Structure formats: C-alpha cells, structure tokens
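Working through the structure, step by step
Listed below, chain by chain, are the residues.
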Amino acid sequence: MRSGNLERMRDRVVTRWRGAGVQVRSTVAAVLVQALVVLAAGGLLLLLLRDDLRQSLEASNLATAQSVQALAGVDREDLQAAIDAAARRRAAVQLLDADGNVVASSADLRGAAPLLDPATVPTGTGHEKVRLPFDDDAYLVTSLSGQVDGRRSTVFVAQSLGTGEDTLHAAAAGLAVAGPLLLLAVGFATYVFVGRALRPVTRIRRTVEGISHRDLSERVPRPPGQDEVARLATTMNAMLDRLEGGEAVRRQFVSDASHELRSPVATLRAAADIALTQPERTDPADLARLVRGEAQRLDRLVSDLLLLARLDERGRAGTVAEPEREEVDLDDLVTDEHRRLRGTTGLDVALHREPARVLGDASALARVLRNLVDNAVRHAHSSVAVELRRNGSRAVLVVTNDGAPVPVADRERIFDRFVRLDESRARDAGGSGLGLAVVRDVVTAHGGSVRVEDPEGGAPGTSFRVELPLAPLPPD
Ligand SMILES: Nc1ncnc2c1ncn2[C@@H]1O[C@H](COP(=O)(O)OP(=O)(O)OP(=O)(O)O)[C@@H](O)[C@H]1O
Ligand SMILES: [Mg+2]
C-alpha cells in the first residue's frame, strides 16, 4: 500500500517535471547544481579555516612555551617578565618542576593547580583542548616537557579558542547569507537567459502551426547569428521549400493527368451522343474501332500514371524494392520487341544484341523498351535500330530512329511528365507525354541513366541511350 503511494507520488513528480518546460527545468537544474557547489565549497572553506586557526594557535603557544622554557632556571626575573609578556598577548602560562609543582605562572593562574596532569603529558610537545576555571571558552593548552640542567621541566601555555570560533561563526553566517543570494541570482539569470533563447523557438512553432498544406508559402522567422535555433529555422525553411515544391509538382501532375484523361472521355461521349441522336449516320464497326482506340489510350495513360505513382512511392531516388528484383535478360526483351515491331510496322528495323542480364523488375524494364521503341517508330522516316551491348559492368541499350532530331535545348525537358514537343503534339494525338518520364523513373530506380544523343557516325536522327548495371556473375 505504502509503496503504491510512493510510486504514484514519484509518477506525479516525473509527469510534473516533464511538463514543466525547458525554461523551468533548466532553472531548477542550475539552482540545484549551484546549491551543491555552494554547500561543498562552503563546507571545505570552513574546515580549512578551522584548521588554519588551530595551527596558528598551536604555533604561537609553542613559541611562548619555548621562550619560557629557555629561561627556566636561568634568571627568575627574566622568566617572570617573559611570562607577563605572554599574558599580555592573552596567553596563560605555567612552569612546573620535576615534581609537578607550579614554580611560576601568569597572573590569572596564580595559585591554580597545573592545567594538565604532568604525569600524563608526553615528553616533547603536546596539544589538548580543556576548559579552565576562570573562563567559559574552551582553551588550547600546549605542553612542552623536557630536561633543563638535567632536571625535567614542563611548561603549559593556554590560549582561548573563543576568538577562532567567533571567526568561524562569522564566516559561516556570511556563507549562509551569500549562498541563497547567489542561488537566487543564478536562478533568475538562468530563467531569463533560457527564456530569451527559447523565444525564437516559440515564434517558429507558432508560424509552423499556422502553415496549412493549402498555403505553404510562409517561412519561419530566422533569428540573427549562427546558433542552433538559427540553424533550426534554416532547416525548417529548407523543408518548407521542398514541401512547397513537391506540392506544386503534385498539383501540376493531378491537373495534367485530369486534363489528359478528359480528352479520350470527351471523344467517347461525343461519339456516343452522335450514335444516339443520329443512328443512321453511325457505322457500328467505326464506332467500335473508335471506342477500342480510346480505351487503349485510357488504359495506357492509367497504367503510366500508376507506374509513376508506384515509383514515386518507393522514395525519390529509391531503388527497386527487394521482392521485385529478379534476373532479367535484356536480350530476351529486345528479341520480343523486335518481333513485335516487324509485325506491326513497315519500317526498316535493324537489330544488334549481346547477352546482358540485369537485376530488376522485368515488366517495368519491358515498358522502358516499349516506350523508347514506340517513340522511335512514331518519329522515324524509314528506319529504326535497336542495339544492346555490354560495356564493362554496364548494359547499354541504344534505340535510334532516322527522323527529325530532338532540339538540344529540349533533350532534358522531354523526360519531364506531360512534356510533348509542339511539333509532335500537333502530329499525333496519341501521346500523353508520360512515356519518357516512365523511362527515366524506371531506369533511375534500377541505378541506371538515360540520355538523348545524336546517332553514331553522324547520321541524321535521334538516339536514346540507356545504361543499366549488369547483374553480378554467378561464382562459377
Ligand atoms: N525518337 C524521338 N524523336 C524525336 N522526338 C522524340 C522522340 N522521342 C520522344 N520525342 C519527343 O519527346 C516528347 C516526349 O516523349 P514521351 O514519350 O514522353 O511522350 P509521348 O510519346 O508524346 O507520349 P506517350 O509516350 O506518353 O504516349 C515527345 O512528345 C516528342 O516530342
Ligand atoms: Mg512516348
């Protein structure tokens, strides 16, 4: 029961502590650490001070005792003068003979018994704390015992410890006042500085809270300097730039895609309207052909969009996911495509191929070849060539046609989504401008590259050159 209560209390403290915020937590931590430092340093200071006071008292007692002992048995008057001088320095003195009788003393000890029992005093020097009859303070008694002229003589010198203790108490009182003041100052300074340092973070948070996904144009305020908060603001703004850019691309993509989808749908609807309103002018075979053509176009468009969305999802510069990686013989794909071409076009089709195996997604790679060949056929005057070679660790696929070349300025742009060059937009109604975008995304996901170049040997036309990493050879 009790441990349950304790645990609940601990949980409550932990929750409060976590919820308290960085400013309060930093302040509490700074004050606690400072309190420990003050306690440790103050304690050490008092200990050292006490030792120091005691040592200087011992040294002064011993010096008096030595001067008294040096005069013992030499000159009675000099001896008493030395004892009186010591008494003026607030030291009480007793000189004892070998039998333990007091033979000389300072005025305040006149007639008093020996300060310490001479039988228990060590030979040489000793120090002891005692209470004396004439004072409330404790005294430090130093004994000096030795042989003078062959007879044992003992000197006691006593000084009050009261002055030293007063000094110690004053020092402790000083610490007791200064310590809390110091803690207060540390706490205040930490609270203010941390609060000031966090103010830009609060501003950044408020701004980010206010940014909706509809309007990503706002940027967080960047405090001056190069500290962590300034760098955080820079990073946030860079992230907002990327989000805004991505959002713009997505919107453009959606609007282009709807636009492209609308045109075959409009064609189908117009054909259906005519068939319904003017059945006598409609040839069912023509209508069926038109519907099939538009359906094919829609089918290609939708599968291109799906493929692009799938590639996007795998991550911007992502690679083909592990389960989709299989060994693909590019030469087989090229052979199939060549066969299809010969059956569907009257163009002159040249083929050169070497065996080349890559790791990847067979249907996506077949799509790359199909898109390049379709483009080549569409733009060829009379001939198309497909070439597959191995070059070091890479497979090189070149698809060439002898039509009008792609202008140098457009050779990058045509790989973007929905980009068609005007000339071909007018010439063929079929293309949606996604073919080369699919090519580039698939090739990139396979760790390869694609580019447009002039055909080898300076012949007129266009070549698309794809390079892909070859699959590693089996060990044998
Ligand atoms: N072999 C080529 N010769 C000349 N221009 C080409 C060739 N291949 C592509 N292009 C140009 O690049 C543009 C983009 O090609 P892409 O394949 O992406 O789109 P598309 O062929 O118009 O449409 P889709 O392939 O989606 O049916 C084409 O519109 C065309 O202008
Ligand atoms: Mg195309």
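Here, residues in each chain are numbered from 1, in the same order as that chain's written sequence. As they are written, the chains are lettered A onward and the ligands numbered 1 onward, keeping that order. Only residues with pLDDT of at least 70 get local features here, since the model is predicted, and only at 80 or more are side-chain atom pairs given and counted; chain-wide, interface and lining totals rely on the full set of residues. Excluding hydrogens and water, the side-chain values take into account all heavy atoms of the structure.

In the nomenclature of an unreviewed UniProt entry, the chain is known as histidine kinase of Kineococcus endophyticus. What UniProt records for the chain under Subcellular location (unreviewed entry) is the sentence "Cell membrane". UniProt positions are given in the numbering used here, feature names are shortened, and annotations may be inferred rather than shown by experiment.

Concerning the overall build of the chain
When its secondary structure is counted, the chain shows 10 helices and 12 strands. Within these notes, the globule rule equals 2.2 Å times the number of residues to the 0.38 power, and the radius of gyration is based on C-alpha atoms. Its C-alpha atoms give the chain a radius of gyration of 51 Å, clearly above 23 Å, the size a compact globule of 476 residues would have. Principal-axis analysis of the C-alpha atoms places the extent of the chain at approximately 155 × 60 × 55 Å. Considering the chain as a whole, with its 476 residues, one finds that 35% of them fall into the buried category. Secondary structure elements are taken from DSSP: a helix is a run of H or I of four residues or more, a strand is a run of E of two residues or more, and numbering for both begins at the N terminus. Note on exposure labels: buried denotes an accessible area under 20% of the residue type's maximum, exposed denotes more than 50%, and partly exposed covers the range between, all computed with a 1.4 Å probe on protein chains only.

Some remarks on the nonpolar core
Core analysis: the largest hydrophobic core is formed by 47 residues, its most contacted members being Leu 372, Leu 397, Ile 414 and Val 442. The domain boundaries here were taken from an automatic or database domain assignment. Each of two domains, domain 2 (245-313) and domain 3 (322-469), supplies a minimum of three residues to this core. Once residues lying within four places of it in the same chain are set aside, the contact partners of Leu 397 are Val 334, Leu 369, Val 386, Glu 387, Leu 388, Phe 464, Arg 465 and Val 466. Buried Ala, Val, Leu, Ile, Met, Phe, Trp, Tyr and Cys residues that are joined via side-chain atoms within 4.5 Å together make up what is termed a nonpolar core. Among the nonpolar cores identified, the runner-up in size contains 13 residues, and Ile 83, Ala 86, Leu 144 and Val 157 belong to it. The contact definition used throughout considers only heavy atoms, calling two residues in contact when any of these lie within 4.5 Å.

Examining the packing of helix α8 (residues 362-379) against helix α10 (residues 435-445)
Running from N to C, α8 and α10 point in directions that differ by 145°, and their axes come no closer than 9 Å. As α8 packs across α10, the resulting crossing turns out to be left-handed. The segment α8 lies against α10, with Ala 364, Leu 365, Arg 367, Val 368, Asn 371, Leu 372 and Asn 375 engaging Gly 435, Leu 436, Val 438, Val 439, Val 442 and Val 443. Residues are grouped as follows: nonpolar covers Ala, Val, Leu, Ile, Met, Phe, Trp, Tyr, Cys and Pro; charged covers Asp, Glu, Lys and Arg; every other residue, Gly included, is treated as polar. Grouping the amino acids of the contact of α8 with α10 by side-chain chemistry returns 9 nonpolar, 3 polar and 1 charged. Lines fitted to C-alpha atoms define the axes here, with helix axes fitted over just the stretch in contact, and angles between the N-to-C directions of these axes take values from 0 to 180 degrees. Helix crossings are classified by the rotation of the near helix relative to the far one: an anticlockwise turn of less than a right angle makes the crossing left-handed, while a clockwise turn makes it right-handed.

Thoughts on the sheet that holds strand β2 (residues 102-105)
Read from one edge to the other, the open sheet built from 5 strands follows the order β2-β1-β5-β4-β3, with strand pairing classed as antiparallel. Edge strands, defined here as strands with exactly one partner in the open sheet, are β2 and β3 (124-131). Between one strand axis and the next, the sheet turns by 20° as a mean value, whatever way the strands run. Packed on one face of the sheet, helix α2 (residues 21-71) meets β1 (91-96), β3, β4 (138-148) and β5 (151-160) and runs near 35° to β4. The sheet contacts of helix α3 (residues 76-88) involve β1 and β2, and relative to β2 the element is tilted by about 55°. In short, DSSP must find at least two bridges between two strands for them to pair.

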